[in-house]
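Here is how the chains run, residue by residue.
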Amino acid sequence: MSINLKNKQEIIKKFGTNEKDSGSAEVQIAMLTQKISELLKQKEPDYAKTDAEMDALVRDTVEALDEKLKCFEFREAGRTQYSLGQIFTLMRLAQNAGVHGTVDMERWFETHHKDLKNVSVVLDCRPSRTTLLRFLKNVPHELFGEKMSDMVIADYVKKRNNDGTYHTNELGLRDVLTFDGQIIRASQHLKVKQPDEGEGREHESGFVITQLYSANYHTTISQKICRKKNNEADAAIRMMKKEFVYNTIVTCDALNSTNAVAKHVLECKADYFFAVKKNNKKAYKVAEDFFTDATCAKKEGRKIDGLISEEHTINAGSNGHYVTKHIDIMPIKLLPMKNSKKKKAFKNFPGAETVARIITETRVLRTNVVYRDVKYFITSLDADKEKNPNVAMDFLNIKRKEWTVETSHKVIDYYYRQDGKGFMDENSADVATTMTKFALNALSRERNLFNDNPAVKTPVTLGYVMEACDTDIRYNFKIFKDGLNLSLAKPETPTIKDKERWLKDQEDKNRLIADWNHRLKSIDYMDGSQPRQPTESPTG
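A brief look at the structure comes next.

Conventions and cut-offs
- Residues numbered from 1 in each chain as written.
- Predicted model: local features only at pLDDT ≥ 70, side-chain atom pairs only at ≥ 80, totals over all residues.
- Heavy atoms only, no water.
- Helix = DSSP H or I, 4+ residues; strand = E, 2+ residues; numbered from the N terminus.
- Contact = heavy atoms within 4.5 Å.
- Areas by Shrake-Rupley, 256 points an atom, 1.4 Å probe, with all protein chains shown as cover.
- Axes fitted to C-alpha atoms, helices over the stretch in contact; angles between N-to-C directions.
- Parallel < 35°, antiparallel > 145°, perpendicular 65-115°, else oblique.
- Left-handed = near helix turned anticlockwise from the far one by under 90°.
- Nonpolar A, V, L, I, M, F, W, Y, C, P; charged D, E, K, R; others polar.
- Buried < 20%, exposed > 50% of the residue type's maximum accessible area, 1.4 Å probe, protein only.

Assigned secondary structure in the protein chain consists of 20 helices and eleven strands. Look at the contacts in the protein chain between residues 6 or more apart in sequence, and 69% of them connect residues 24 or more apart. Counting only carbon and sulfur atoms, one obtains 49% of the accessible surface of the protein chain, whose full area is about 27,600 Å².

This next bit is on the packing of helix 3 (residues 51–68) against helix 19 (residues 473–483). Packing of helix 3 against helix 19 leaves a shortest axis separation of 12 Å and a crossing angle of 40°. With respect to helix 19, the axis of helix 3 lies oblique. Between helix 3 and helix 19 the crossing geometry is left-handed. Facing Asp51, Met54, Leu57, Val58, Thr61 and Leu65 of helix 3, the residues of helix 19 in contact are Arg474, Phe477, Phe480 and Lys481. A breakdown of the residues in the contact of helix 3 with helix 19 according to their chemical character gives six nonpolar, one polar and three charged.

Considering the arrangement of structural elements, one finds phenylalanine 290 in helix 13 (residues 281–300). With relative accessibility at 9%, the residue phenylalanine 290 sits in the buried group. Sequence-wise, phenylalanine 290 and proline 336 are 46 residues apart; in three dimensions their C-alpha atoms are separated by 8.4 Å. Other than its neighbours up to four places away in sequence, phenylalanine 290 contacts Ile304, Leu307, Met330, Leu335 and Pro336.

This part is about the environment of aspartate 234. For aspartate 234, the location among the structural elements is in helix 10 (residues 232–239). Judged by its relative accessible area of 46%, aspartate 234 falls in the partly exposed class. Taking the C-alpha atoms as reference points, aspartate 234 and alanine 260, 26 residues apart in sequence, are found 8.4 Å from one another.

Here we come to the packing of helix 3 against helix 5 (residues 84–96). At a closest axis distance of 8 Å, the pairing of helix 3 and helix 5 adopts a crossing angle of 115°. Every pair of crossing elements has a handedness; the one defined by helix 3 and helix 5 is right-handed. Facing Val62, Leu65 and Asp66 of helix 3, the residues of helix 5 in contact are Leu84, Gly85, Gln86, Phe88 and Thr89. Residues belonging to the contact of helix 3 with helix 5 are distributed by class as follows: four nonpolar, three polar and one charged.

Structure (structure tokens):
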């Protein structure tokens, strides 16, 4: 039975002290147990295999992981009786159940030892905390991160191909990639010396985890660790590869809106949407002056050629706030200024086509106080309202999706307490946080499958999925296996419809590649460098 008003009253009557006692621990535990039982009943039926089939699936998965990770030579370095595939699988199963920290993982292995053994003999092992710490410290973190990222990238490109968005020209369908860094505050006490600094220049600095996140698919694609906040742009450039960045929109905060990032994004045949602040003084000054004059012209009734101005209500009081966004968009080529001044102002933004201003007005309904925020943006996207009548709303959606990476930081800190982990070395910090990110990918995918199911009446949270993983090890392993791109099944024979769609994708691909090759040849890099020679797109 699902939890509705009637069932909720029955639970309160049975476990509560009175009819209105909905907040006591007994009632909350009873409702949580009922919700988990409901989730377990609504799971996909293909995971509940026989014992022999389940054991064979676990063995094949662990062997495939051993083959994937065999280059790490962990057994010789750590002298452990368990393989890398076994340790990795057990740690991920514990993370799926919401367990964080090596001490808690060791306890979880002891508590669920019989359940793990019943699923497969391969999981009949209980690595100690020392073994887990040795795993985190001895596995090369950069190579490990690349292996994990390759699995995600293959699945990510496949999803975009299946959705028909890999070669699409529609702005609203293109994926938005955003990157940002997160400092692990518990590691800020460490004394470190940067490679480019001399003797005696040690200072306190925490580990900075730079994360590349897909807003449309709610997926962490890759991450890099660094020791300075201003190294995030370099880390992002190393993470962004042409095979998956192709035909996306890359956005970031103003700190990372640099010439190098913009150039790399264009060379990957993607577009950028960057915030502009006073760290880019000339571009910020030009945008501020123009849109100030445009506001005055609007009040006076004067029309400016090429200017797009719209107003959208984003939140009409549902959470006590009334949010209105005013957006003004102007092509750079139509700005009323000399071309020489444009080049000087936008020299840090090669291929820039459009400048935009977004004014957010938030009115608190309870106090009737209005907060006003003004931000400026520069993008390589072409704002042609004749080709795309919804260009203003698409720009607002891109700006909103920039914050998805910040939301993922809060989710990670809430469920896995990443901000409180006092990692003592860079290797352990990178390996542990990489596993956390990709565990969250698998859990988010399962949550979205539940919420997309019409039979599920109430929204499912990550906490419910974690509790279900802790209750049922087979279901836990199913989520873990689905999160890995280690397909053991034979590929299906394509149908006639698949072939027709493939031909259409090829037509879209050829048209888009021709457009990009023309754009790259015409871009003025303004710093004396030459763009790379146009090449074919990655295999779609």
